[in-house]
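# A structural walkthrough
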Amino acid sequence: MKVVHILNSLATGGAEKLILDTVPLYNENGVSVDVIVFKNDNYAFHKALEASSSCKIYNFNNDSVYSPSSIFKMIKILKQYDIAHVHLFPAQYFVIMAKLLSFSKIKLVYTEHNTTNRRLENKFFKAVDKWSYTFYNKIVAISTKIEALLRDHTGFSGNRIVVIQNGVAIQNIIDAQPLNRTEINENISATDKVIIQVAGFREQKDQACLIRAVAQLPETCKLLLVGEGVTKVKCQELVTQLQLEHRVFFLGIRTDIPNLLKTADIVVLSSHFEGMSLSSIEGMASGKPFVASDVPGLQEMVKGHGILFEESNDKQLANAITKLLEDTVYYNQVAEACVKHAMKFDIHVMVNNHLELYRKIHNG
């Protein structure tokens, strides 16, 4: 059985990180898995997957992930595989077009990673989106909430939609060693309290709320922001406006996330919505208290384990951080509860569920 995963690129993001972590494991379990990407801008995940030598990467090198040339480039490739596992838009649409034009018998699987998308706000695109799902043999929802949304959106009943929760390489995080803080930035001392958020800078995320919260905390509280994206400049301007240049540090894209998490004292994810956030699982697995905004995709993951604060409420976020830093017993209780919960989402569980799904589809 040969499977090809198809996605826009291997830039930073949960779906992209999953490909990096899971493809070697699929191949170790006897299923040949390769990857198609529409665009490569020398992304760190792309380089890391190439370095692993675990699969073949079809790199289209398009200027934009929206370039329709990807459709035609896929035509010959699809005929070489039994199953295509697709992630994200526009790959969701382009693969369908390529299959129709190639007359390929390849079977299609799509993973829905998000609880919402802008296409559903437009009547035309909502109809097209609903139509696109009909071409997929199986649709994987990464949470029960996403499953419910998909069933409502598509009208599908029965087992066309299945729930397979995303996973994280938990042991890699547990085994990671903290970094020397001054090597991250000379303004961070051993006695400072370090807060970290790992997330792309885009409208979905809300790093600005966390930056405002840090402004309300003592000078000894420092913030690490890991990631890149379109809203980064606005966040940098906010840091300058609040005169936090000596306390907020933009680290860009990093491949040593487990080590950074172990270096921090508190892990935060301020977001407007999530699918099933891998960053939240990684944060909870780090052995540090995890604090997240009370929004879809994070409510289900964090409630009863980590700490939730009202969306975009920087004052409430600052208060939550302050309580953790002032109460050692409470800090340890939250950290322990987070680790215990994260262990349920080990990546090997997800990989085994995907492999079982592939075999069922392949065998008809």
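Throughout what follows, the structure given in this document is the object of discussion. (Residues numbered from 1 in each chain as written. Predicted model: local features only at pLDDT ≥ 70, side-chain atom pairs only at ≥ 80, totals over all residues. Heavy atoms only, no water.)

## As for the overall build of the chain
For the chain, the count of helices and strands is 16 helices and 13 strands. Counting all 364 residues of the chain, 55% fall into the buried class. The long-range share in the chain, meaning contacts at least 24 apart out of those at least 6 apart in sequence, stands at 71%. Seen as two clouds, the 39 positive and the 37 negative side-chain charges of the chain have centres 8 Å apart. (Helix = DSSP H or I, 4+ residues; strand = E, 2+ residues; numbered from the N terminus. Buried < 20%, exposed > 50% of the residue type's maximum accessible area, 1.4 Å probe, protein only. Contact = heavy atoms within 4.5 Å. Lys, Arg positive; Asp, Glu negative; His and termini not counted. Charge placed at Lys NZ, Arg CZ, Asp CG, Glu CD.)

## Some points on the pattern of salt bridges
What the rule picks out here adds up to 13 salt bridges. When the shortest N-O distance is used, the salt bridge between glutamate 282 and lysine 17 registers 3.8 Å. Here glutamate 282 is found in helix 12 (residues 278–285), whereas its partner lysine 17 is found in helix 1 (residues 14–28), with 265 residues between them in sequence. Judged by relative accessible area, which is 11%, glutamate 282 ranks as buried. (Salt bridge = Lys/Arg side-chain N within 4 Å of Asp/Glu carboxyl O.)

## Looking at the packing of helix 4 (residues 91–102) against helix 5 (residues 123–133)
Following both chains from N to C, one finds helix 4 and helix 5 inclined at 55°, their axes separated by 10 Å at the closest point. The pairing of helix 4 with helix 5 is recorded here as oblique in orientation. Helix 5 is crossed by helix 4, and the crossing has left-handed handedness. For the pair helix 4 and helix 5, contact is made by Gln92, Tyr93, Ile96 and Met97 and by Phe125, Val128, Asp129, Trp131, Ser132 and Tyr133, respectively. A class-by-class count of the residues in the contact of helix 4 with helix 5 yields seven nonpolar, two polar and one charged. (Axes fitted to C-alpha atoms, helices over the stretch in contact; angles between N-to-C directions. Parallel < 35°, antiparallel > 145°, perpendicular 65-115°, else oblique. Left-handed = near helix turned anticlockwise from the far one by under 90°. Nonpolar A, V, L, I, M, F, W, Y, C, P; charged D, E, K, R; others polar.)

## Here's the deal with the side chain of serine 270
Looking at the element boundaries, serine 270 is found in the loop between strand 11 (266–269) and helix 12. Judged by its relative accessible area of 0%, serine 270 falls in the buried class. With residues near it in sequence (within four places) discarded, serine 270 still touches Gln197, Lys205, Asp206, Gln207, Cys209, Leu210, Ser293 and Phe309.

## Considering the nonpolar core
In terms of nonpolar packing, the biggest core is built from 122 residues, with Ile6 and Met74 touching the most fellow members. Of all the elements, helix 16 (residues 347–362) adds the most residues to this core, at seven residues. (Core = buried A, V, L, I, M, F, W, Y, C linked by side-chain atoms within 4.5 Å.)

## As for the pairing of strand 1 (residues 2–7)
Where burial is concerned, most of strand 1 is hidden: five out of the six residues are buried. Relative to strand 2 (residues 32–37), strand 1 is paired through six bridges, and the arrangement is parallel. Opposite histidine 5, over in strand 2, you have valine 35 as the bridge partner. Note on the crossover from strand 1 through helix 1 to strand 2: the handedness is right-handed. Pairing geometry for strand 1 and strand 4 (residues 83–87), over four bridges, is parallel. (Pairing = 2+ DSSP bridges. Right-handed = clockwise from strand over helix to strand, strands pointing away.)

## As for unusual backbone geometry
Omega for the peptide link from phenylalanine 89 to proline 90 comes to 10°, which places this bond in the cis form. Residue position: proline 90 is located in the loop between strand 4 and helix 4. With phi around 60°, asparagine 42 is a residue other than glycine that occupies positive phi space. Within the fold, asparagine 42 resides in the loop between strand 2 and helix 2 (44–52). Judged by its relative accessible area of 55%, asparagine 42 falls in the exposed class. Positive phi, close to 65°, is recorded for serine 312, a residue that is not glycine. Among the structural elements, serine 312 can be located in the loop between strand 13 (307–309) and helix 14 (314–326).

## Notes on the packing of helix 3 (residues 69–78) against helix 4
Running from amino to carboxyl end, helix 3 crosses helix 4 at an angle of 55°, the nearest separation of the two axes being 8 Å. It follows from the interaxial angle that helix 3 and helix 4 lie oblique. Between helix 3 and helix 4 lies a crossing of right-handed hand. In contact with Ser70, Ile71, Phe72, Met74, Ile75 and Leu78 of helix 3, helix 4 contributes Phe94, Val95, Met97, Ala98, Lys99, Leu101 and Ser102. Across the contact of helix 3 with helix 4, the residue classes break down as ten nonpolar, two polar and one charged.

## Things to note about the sheet that holds strand 8 (residues 193–198)
An order of 10-9-8-11-12-13 is seen for the six strands of this open sheet, with the pairing classed as parallel. Each edge of the sheet is formed by a strand with only one pairing partner; in this case those strands are strand 10 (248–252) and strand 13. Pairs of neighbouring strands in the sheet enclose a mean axial angle of 25°, with direction left out of account. Bridging between strand 9 (residues 221–226) and strand 10 involves four bridges; their strand directions are parallel. Pairing of leucine 223 across the sheet is with valine 248, part of strand 10. Each of strand 8, strand 11 and strand 12 (290–293) touches helix 12; the most contacted strand, strand 12, lies at about 155° to it.

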